[in-house]
Amino acid sequence: MTGATPFATRELHAPGSAGDPWWRDAVIYQVYPRSWADADGDGIGDLRGIASRLAHLAALGVDAVWLSPFYTSPQRDAGYDVADHRDVDPLFGSLTDADALIARAHELGLRIIVDLVPNHTSSEHPWFGEALTAGPGSPERDRYHFRDGLGEDGSEPPTNWQSNFGGAAWTRVTEPDGRPGQWYLHLFDPSQPDLNWQNCDVRADFRSTLRFWLDRGVDGFRVDVAHGLVKDPTFPPFGTPPGGLLEVTSDAPFWDQDGVHEIYRDWRELLQEYSPERIMCAEAWVSPADRAARYVREDEFHQAFNFEFLDTPWLAEPMRDVIAGSLAASDAVGAPTTWVLSNHDVLRHASRLGLPQDEEPPNGIGPEDLQPDAALGLRRARAATTLMLGLPGGAYVYQGEELGLPEHTTLPDEARADPTFTRTRGAEKGRDGCRVPMPWTKGAPALGFNDTGAAWLPQPDSYADLAVDQQDGVPGSTLELYRQLLALRRERDLGRAGLAEVEGLGDEVLAYLATAPDGTRTLVVANLSPESIELPAGTRVLVASDELVEGGLPTDTCVWAEI
Ligand code: GLC
């Protein structure tokens, strides 16, 4: 399994070592609690439902589970509007259910990562009520960003900043005496006022929240909007970024300000008091890659989602560049790269990759919009995942992608719940299409999501044949492909492997030689060209994202091979 290779290679990344901590090459599965499994049958998933289905994840072969927020919340932004960071919303269960879920996961050898939402609270958080009552200039208001409006009567917002969900980023309040008063900042929905991270109460409170969940046994945190906590204190004017939700322009006075890093250094120190090791992963929509890498310097986050990879179209040249570029940027700070293709904020990659690749994907798709090519999308999604899981570092997998689920692209407008849909007056369909409840069993109520058939978002017809029971044990199914990839990834230590680019297979072919710390070599080849290609002599295919044809690797297929 070692020796000369019949092709030229270019080193991209050095191998890790057997003693590396678990998170450097972990595959972490994102559960969106509203939509995974619903034990009480009210149509919204819950913690007991999740606990009852964890065996699916152990069998899949992931290392950890990240749970999107399940805290007390009026659910204006599906739980990312938190009214109490240290309690469970009755919709999802109780703290006892959370403890039972953590214990069950640990029994199965799965770690648990919870979501932390520090950029804003819900407007129903007690602090916001106190701020409204206490009035201008009070310490209570200082926990948020309250400002006087512009113009003679203060009726103009303090800046021209736009909310990520559409409309102004400022809302005016009525003062306790009944007069129109100050404005508060919300980079998202008006029900999500931004916290002021220069305020000591805010800093102290989040330290308590971290300890609260760490003491309950969680293994880490995914940190929401990690690039947004600090705002330029001069509040300069700033135009609307063109790209919609979370679009990052490096000069925005509310994104990626240098001041965020000291917050994470403080948290990292706090985490270090705990054993075994606990981790944090940054949701930081920051580019270019070297700017994003600042979040994973050794005294800050352990991981940061590689959104540049997620944003890259299925085209060989940009893919090749982003893979090499992100490994170089994270290596420069000694961090692993954390690959990701889907989450609860973007079009599912089985649909995104079935759209024209020379345009930005939309934020949600409706029945009147251009529909993705489902077969092409799935084929490319399987290839893209096979490529991703063959690369060194960590990876996140979003619930349902192991079934090849497409986006729900024909949801009726009445069913939509994402605030982006209403705030943009329907101009953006929003993120509901990737948040539809999981199909477990064909023919069962709500496809096995619960026993009652209730579902907070309707499931598309196509989900029945993709249900877990339809794919379990079926050779060639997407579920079996994921199981095989995850098992082989572990066996061949691909997450800790060194990586070299293999040259000479063609401009539109991505080929890498992964060399594990023990010398095991795996060739990863993805064919993005329109023609079938021959694999190098002496290779033995271990897994293929789709069937090979007469020994050749067809278009939009990725293989791992022994060499
Ligand atoms: C993050 C979440 C997204 C949420 C937003 C506001 O981007 O992933 O779902 O709407 O933050 O909290």
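Participant: Hey, could you go over the site of the ligand for me, with residue numbers and the actual values?
Facilitator: The environment of the ligand is formed by 15 residues, the closest being Asp77, Asp224, Glu283, His344 and Asp345. Within the contact set of the ligand, an oxygen atom lies 3.0 Å away from a side-chain nitrogen or oxygen of Arg222. Within the side chain of Asp224, an N or O atom sits 2.8 Å from an oxygen atom of the ligand. Relative to its unbound accessible area of 310 Å², the ligand is 99% covered by the protein chains. Its residues assigned to classes, the shell around the ligand shows five nonpolar, three polar and seven charged.

Participant: If you had to explain a negative patch on the surface to someone new, which residues and values would you point to?
Facilitator: Together, Glu317, Asp321, Asp507 and Glu508 make up a negatively charged patch on the protein surface. Tracing the chain through its elements places Asp321 in helix H8 (residues 316–332). Its relative accessible area of 47% is what places Asp321 among the partly exposed residues.

Participant: I'd like a rundown of the pattern of salt bridges, residues and numbers included.
Facilitator: All chains considered together, the criterion is met by 40 salt bridges. Across the salt bridge formed by Arg203 and Glu262, the nearest N and O atoms sit 3.3 Å from each other. Placement of Arg203 in helix H4 (residues 200–215) and of Glu262 in helix H5 (residues 260–271) is noted, with a sequence separation of 59 residues between them. By relative accessible area, Glu262 is classed as partly exposed at 46%. The shortest N-O distance in the salt bridge between Arg207 and Asp266 comes to 2.8 Å. With Arg207 in helix H4 and Asp266 in helix H5, the pair connects residues that are 59 residues apart, well separated along the chain. The exposure class of Arg207 is partly exposed, given its relative accessible area of 32%.

Participant: Account for the domain arrangement of the protein, with residues named and values stated.
Facilitator: When its domains are assigned, the protein resolves into domain 1 (19–119 + 198–481) and domain 2 (126–185). Spacing between the C-alpha centres of domain 1 and domain 2 amounts to 31 Å. With 25 residues of domain 1 in contact, the opposing surface of domain 2 contributes 19 residues. On the domain 1 side of the contact with domain 2, Asn199, Phe235 and Arg423 bury the most area, a combined 34% of that side's loss. Counting across the interface, domain 1 meets domain 2 through one salt bridge. Here Asp201 and Arg143 are joined by a salt bridge, their closest N and O atoms 2.9 Å apart. For the pair domain 1 and domain 2, the interface holds six residue pairs in polar contact (both at pLDDT 80 or more). Elements with a contribution of two residues or more to the side of domain 1 that touches domain 2: H4 and helix H11 (419–423). In terms of residue class, the side of domain 1 that touches domain 2 is built from twelve nonpolar, six polar and seven charged.

Participant: Just give me the short version of helix H13 (residues 478–491), but keep the residues and values in it.
Facilitator: The end-to-end C-alpha separation of H13 is 20 Å, in line with the 20 Å expected for 14 residues at 1.5 Å each. Among the residues of H13, those classed as buried are Thr478, Leu479, Leu481, Tyr482, Arg483, Leu485, Leu486, Leu488 and Arg489. Where H13 ends, the next residue or the one after it, Asp493, has phi of about 55°, a positive value.

Participant: Describe the sheet that holds strand E7 (residues 146–147), with residues and values.
Facilitator: Paired through their backbone hydrogen bonds, the strands of a sheet run either parallel or antiparallel. Strands sit in the order E7-E9-E8 across an open sheet of three strands; the sheet is antiparallel. A strand with exactly one partner marks an edge of an open sheet, and here the two such strands are E7 and strand E8 (170–174). Pairing of E7 with strand E9 (residues 180–185), which is carried by two bridges, proceeds in the antiparallel orientation. Paired with Arg147 across the strands is Trp183, a residue of E9.

Participant: Report on the sheet that holds strand E13 (residues 338–340), specifying residues and quantitative values.
Facilitator: Strand order in the open sheet formed by eight strands is E12-E11-E10-E6-E3-E2-E14-E13, and the pairing between neighbours is parallel. The sheet is open, and its two edges are formed by strand E12 (303–304) and E13, each paired on a single side. Relative to E12, strand E11 (residues 279–282) runs parallel, the two being bridged by two bridges. Looking at E12, one finds that Cys281 is bridged to Gln303.

Participant: Which residues make up the side chain of Glu407, and what values do they have?
Facilitator: Examined against the element boundaries, Glu407 turns out to sit in the loop between strand E14 (394–398) and H11. Nearest to the buried, unbridged Glu407 among oppositely charged side chains is Arg348, at 5.2 Å. Not counting chain neighbours up to four residues away, the residues in contact with Glu407 comprise Val346, Leu347, Arg348, Ser351, Gly433, Cys434 and Tyr463.

Participant: How would you explain the state of the cysteines if you had to name every residue and give the values?
Facilitator: Overall, the coordinates contain zero disulfides when judged by the stated rule. With no disulfide of its own, Cys281 has Cys434 as its nearest cysteine by sulfur position, at a separation of 17 Å.

Participant: Describe the pairing of strand E16 (residues 509–515), listing the residues and the values that go with them.
Facilitator: E16 sits mainly inside the fold: six of its seven residues count as buried. Sheet topology note: the strand E15 (residues 498–502)/E16 ladder contains four bridges and is antiparallel. Bridged to Leu499 within E16 is Ala514. Hairpin connection of E15 to E16: six residues between the antiparallel strands, including Gly504 at a positive phi of 95°. In this sheet, strand E17 (residues 521–527) lies alongside E16 in antiparallel orientation, the contact comprising seven bridges. Looking at E17, one finds that Val509 is bridged to Asn527. The antiparallel hairpin formed by E16 and E17 contains five residues in its connecting segment, where Gly519 sits at a positive phi of about 95°.

Participant: I'd love a proper account of the packing of helix H1 (residues 47–60) against helix H2 (residues 95–107), names of residues and values included.
Facilitator: Describing two packed helices takes the angle between their axes plus the distance from one axis to the other. At a minimum axis separation of 9 Å, H1 and H2 run at an interaxial angle of 15°. When the axis of H1 is compared with that of H2, the two are roughly parallel. Note on packing geometry: the crossing formed by H1 with H2 is left-handed. Contacts between H1 and H2 involve Leu47, Arg48, Ile50, Ala51 and Leu54 from the former and Asp97, Ala98, Leu101, Arg104 and Ala105 from the latter. When the residues that make up the contact of H1 with H2 are grouped by side-chain class, the tally is seven nonpolar, no polar and three charged.

Participant: Before we move on, could you go through helix H10 (residues 374–389) and cite the residues and values that matter?
Facilitator: Given 3.6 residues to a turn, an α-helix orients residues that are three or four positions apart in the same direction. The terminal C-alpha atoms of H10 lie 22 Å apart, and with 16 residues this matches the ideal 22 Å at 1.5 Å per residue to within 8%. Put simply, Asp373 is the residue that caps the front of H10, since its side-chain oxygen is 3.3 Å from the backbone nitrogen of Ala375.

Calculation criteria
- Residue positions are counted from 1 within each chain, in the order its sequence is given.
- With the structure being a predicted model, the display of local features is reserved for residues of pLDDT at least 70 and the display and counting of side-chain atom pairs for 80 or more, all residues being used for whole-chain, interface and lining totals.
- Think of the side-chain values as coming from all heavy atoms in the structure, minus any hydrogens and water.
- Residue proximity to a molecule or strand is established when one non-hydrogen atom of the residue lies within 4 Å of it.
- Any N or O atom pair separated by 3.5 Å or less is treated as a polar contact, with the protein-specific requirement of one donor-capable and one acceptor-capable atom, and with residues adjacent in sequence counted only for side-chain atom pairs.
- Accessible areas in this description were obtained via Shrake-Rupley with a 1.4 Å probe; residue shielding takes into account the shown protein chains only.
- Residues were grouped as follows: Ala, Val, Leu, Ile, Met, Phe, Trp, Tyr, Cys and Pro as nonpolar; Asp, Glu, Lys and Arg as charged; and all remaining residues, including Gly, as polar.
- Residues forming no salt bridge and having over 30% relative accessible area are the ones grouped into patches, like charges within 9 Å of each other and nonpolar side chains (Val, Leu, Ile, Met, Phe, Trp, Tyr) within 5 Å.
- The rule for a salt bridge is simple: a side-chain nitrogen of Lys or Arg has to be within 4 Å of a carboxyl oxygen of Asp or Glu.
- Charge assignment in this entry is limited to Lys and Arg as positive and Asp and Glu as negative, and neither His nor the chain termini are counted.
- We put the charge of a Lys on NZ, of an Arg on CZ, of an Asp on CG and of a Glu on CD.
- Labels follow the DSSP assignment, with helices taken as runs of H or I lasting at least four residues and strands as runs of E lasting at least two, numbered in each case from the N terminus.
- Buried residues are those whose accessible area, probed at 1.4 Å on protein chains only, stays under 20% of the maximum for their type, while exposed residues exceed 50% and partly exposed ones sit between those limits.
- Domain delimitation follows an automatic or database domain assignment.
- Contacts: residue pairs with any heavy atoms within 4.5 Å of one another.
- Throughout, the accessible surface (probe 1.4 Å) given up by two parts as they are put together, summed over both, is called the buried area.
- The span you would expect from a helix comes to 1.5 Å times its residue count less one.
- Only strands that DSSP links by at least two bridges are regarded as paired with each other.
- Criterion for a disulfide: a pair of cysteine sulfur atoms within 2.5 Å.
- Helix axes are fitted to C-alpha atoms over the stretch in contact, other axes to C-alpha atoms as well, and angles between N-to-C directions run from 0 to 180 degrees.
- Any angle between 65 and 115 degrees counts as roughly perpendicular, while under 35 counts as roughly parallel, over 145 as roughly antiparallel, and the rest as oblique.
- Less than a right angle of anticlockwise turn of the near helix away from the far helix marks a crossing as left-handed, whereas a clockwise turn marks it as right-handed.

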